[in-house]
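One-letter residues, chain by chain:
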Amino acid sequence: MANAFFNVPTAVNEPVKSYAPGSPERKELQEMIAKLKNTTVDLPMVIGGKKIRTNKTVSMHPPHEIAHHLGNYHQGDAQHVNDAINATMEARKTWANTPWQDRAAIFLKAAELLAGPYRAKMNAATMLCQSKNAFQAEIDAACEMIDFFRFNVQFMTEIYAEQPISSPGIWNRMEYRPLEGFVFAITPFNFTSIAANLCAAPALMGNVVVWKPSNTQIYSAHVIMDLFKEAGLPDGVINIVHVNSSVIADTIFKSPHFSGVHFTGSTGVFNQLWKTIGTNLELYKGYPRIVGETGGKDFIIAHRSADPREVATAIVRGAFEYQGQKCSAASRVYLPSNTADEILALVKKDVESFKIGSPEDFSNFINAVIDEKSFDKIANYIEYVKTRDDADFVCGGTYDKSKGYFITPTVVKTTNPLFRTMCEEIFGPFLTVYVYEVDKYEEALEMLDNSSEYALTGAIFSKDRAAINTATRLLENAAGNFYINDKPTGAVVGQQPFGGARASGTNDKAGAPQNLMRWVNSRTIKETFVPPTDYRYPFLG
Ligand code: NAD
């Protein structure tokens, strides 16, 4: 019997390693990349702990080197989805009753394994599979994933400790039990840590999960599965399936055991999932939890008082790191007419100094975009600009997919605040800038607020407190993560809980207690020590 109230270790953010020349972590990572490149993997689905291979395989390639073959993954069908659902329901019998301290220990162990022996492999897999440079891989696949595991454990105990008051003769308690069926985790390509967290957060709270990773992230997804296994996660708690999106959605959303979806990806897909769940509502035991973090059209606005160098650096890092494929990446910028030319000259100089190529060469700042579909979409936007006379290139505007999916970081300046690329999510190294009249700051803020359906991240640069306050007030609904004199990317777990509203999602803040609360049902228990024995109240006397 565990007769104690345990404290979990206080969560701290994992320090980011530098990978500077001569550092041991750089050497280890380079050796791991070479090892992975010399190995061809054969990735099965993992259902109830069993490795499921089909005779239908799909080849995987680094986005920056499409001629290189990383290996194959095995593709399943509706039967495999049903098998995964059955595996969750079997695992649930034990997992839902596993003491919280054991669940905590498994994810704390996963964090320590990743901080140590799994770090190089998780980073190398992310670099090869998603074309991230060493630093971008480190802050995502190592540090953010470790932070999710550690902080979520702490938040779980804070949730459990939240208890109602009791009046004399009565004891009130609150229990937080997992959902009654399984959770469906659908994950995007762009963050290995998000993929892990969308499965791990519900599982930590006692839930069982069917996981569908993005096809372009399956390679690093399997390193996550290995990590969970080594950390001691029982078979069947998280099951990974590689099944076509429409087939899996059709099967999952018809299951009476479906209890919730944990989604990160584009707004269009999320809207479709929500509608299907609504249509099938009668099939379920309860109202499924629908949690989705979706698209963005993230902004930077500079006030006349802003320092041009600070604004330019925020634009360059905020728009182009990881090729603009962060949901938080700046993709529209509003500059005041007094400093716009100076800022754009600085941006152009920085952007044209970027080295572009494979992440295996550590001097490259920019790597490839994820796949041909994404490459073609961004190239189409570039071609669109060429046909217009209300927009022009400041820099970039070229692309080449002969060796990998490379797009030159592109800055477009428009005279139309509602230009297509000021409003639509592009998800690549493509930034559009609009210059507003310096004395029309409030009009620019209102324009910004009304020209996109999204509300994920945004930043205001100013040295004037009143101007900062005006932006903070007028843009209240324009971003779930709002930055003052900082770039709109780089949220850290435990420091800037992340998520947006409007068409950017349900704003349940990944890596925060709000998110974990979506994966529990609570039961209030009232116990009366000496029950009354007469129905008459005194006032009747
Ligand atoms: P995506 O929407 O194309 O895919 C996301 C996942 O949904 C993938 O696993 C995909 O296979 C799956 N999917 C697609 N259609 C489906 C269907 N009909 N039924 C079930 N599953 C389906 O997104 P992506 O290209 O992987 O990621 C980029 C998008 O994700 C961008 O829009 C970006 O803004 C968003 N994103 C948002 C956040 C956030 O926190 N708000 C974080 C990361 C990415």
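The structure this text deals with has already been given above.
A quick note: this is a predicted structure, and the numbers were derived from the prediction, not measured.

Further remarks concern the overall build of the protein. Tallying secondary structure elements over the protein gives 16 helices and 23 strands in all. For 541 residues, the compact-globule estimate of 2.2 N^0.38 gives 24 Å, and the protein sits close to it at 25 Å. C-alpha atoms of the protein, sized along the principal axes, occupy 85 × 70 × 50 Å. When burial is assessed residue by residue, the protein has 57% of its 541 residues classed as buried. The contacts of the protein with a sequence gap of at least 6 include a subset with a gap of at least 24, amounting to 77%. Of the accessible surface of the protein, which amounts to about 23100 Å², a share of 52% is contributed by carbon and sulfur atoms. A gap of 4 Å separates the mean positions of the 53 positive and 58 negative side-chain charges of the protein.

Turning our eyes to something else, we now look at a nonpolar patch on the surface. A surface patch of nonpolar side chains, about 580 Å² in accessible area, is lined by Tyr 535, Tyr 537, Phe 539 and Leu 540. Within the secondary structure layout, Tyr 537 lies in the segment after β23 (520-528).

So, on to the packing of aromatic side chains. The tally for this structure, following the rule as stated, stands at 21 aromatic pairs. Taken together through their ring pairs, the aromatic side chains of Phe 182, Phe 184, Phe 253, Phe 258 and Tyr 284 make up a single cluster. Directly above the aromatic system of Tyr 322 lies the positively charged group of Lys 132, at a separation of 4.3 Å from the ring centroid.

This part covers the nonpolar core. Counting 105 residues, the largest nonpolar core has Phe 107, Phe 149, Phe 184, Trp 211, Ile 238 and Ile 252 as the members making the most contacts within it. With 13 residues, helix α5 (residues 134-161) is the largest single contributor of residues to this core. In this view, Ile 252 contacts Val 81, Ile 85, Phe 182, Phe 184, Val 210 and Phe 258; residues no more than four positions away in its chain are not counted. In terms of nonpolar packing, the next biggest core, distinct from the first, is built from 33 residues, Val 311, Val 347, Phe 354 and Phe 498 among them.

Let's shift gears to the sheet that holds strand β1 (residues 41-43). Spatial ordering of the open sheet is given by β1-β5-β4, a layout of 3 strands whose pairing is mixed. Taken across any chain shown, the strands that pair with only one partner, and hence form the sheet edges, are β1 and β4 (57-60). The sheet shows a mean angle of 20° between the axes of neighbouring strands, taken without regard to direction. Pairing geometry for β4 and strand β5 (residues 71-74), over 4 bridges, is antiparallel. Within β5, the residue paired with Ser 59 across the bridge is Asn 72. Contacts from helix α7 (residues 218-231) reach β1, β4 and β5 within the one sheet, and its direction differs from that of β1 by about 75°.

The rules behind each value
Residues numbered from 1 in each chain as written. Predicted model: local features only at pLDDT ≥ 70, side-chain atom pairs only at ≥ 80, totals over all residues. Heavy atoms only, no water. Helix = DSSP H or I, 4+ residues; strand = E, 2+ residues; numbered from the N terminus. Rg over C-alpha atoms; globule rule 2.2 N^0.38 Å. Buried < 20%, exposed > 50% of the residue type's maximum accessible area, 1.4 Å probe, protein only. Contact = heavy atoms within 4.5 Å. Areas by Shrake-Rupley, 256 points an atom, 1.4 Å probe, with all protein chains shown as cover. Lys, Arg positive; Asp, Glu negative; His and termini not counted. Charge placed at Lys NZ, Arg CZ, Asp CG, Glu CD. Patch = residues over 30% accessible without salt bridge, like charges linked within 9 Å, V, L, I, M, F, W, Y side chains within 5 Å. Salt bridge = Lys/Arg side-chain N within 4 Å of Asp/Glu carboxyl O. Phe/Tyr/Trp six-rings, centres within 6.5 Å; stacked < 30°, edge-to-face > 60°. Lys NZ or Arg CZ within 6 Å of the ring centre and 35° of its normal. Core = buried A, V, L, I, M, F, W, Y, C linked by side-chain atoms within 4.5 Å. Pairing = 2+ DSSP bridges. Axes fitted to C-alpha atoms, helices over the stretch in contact; angles between N-to-C directions.

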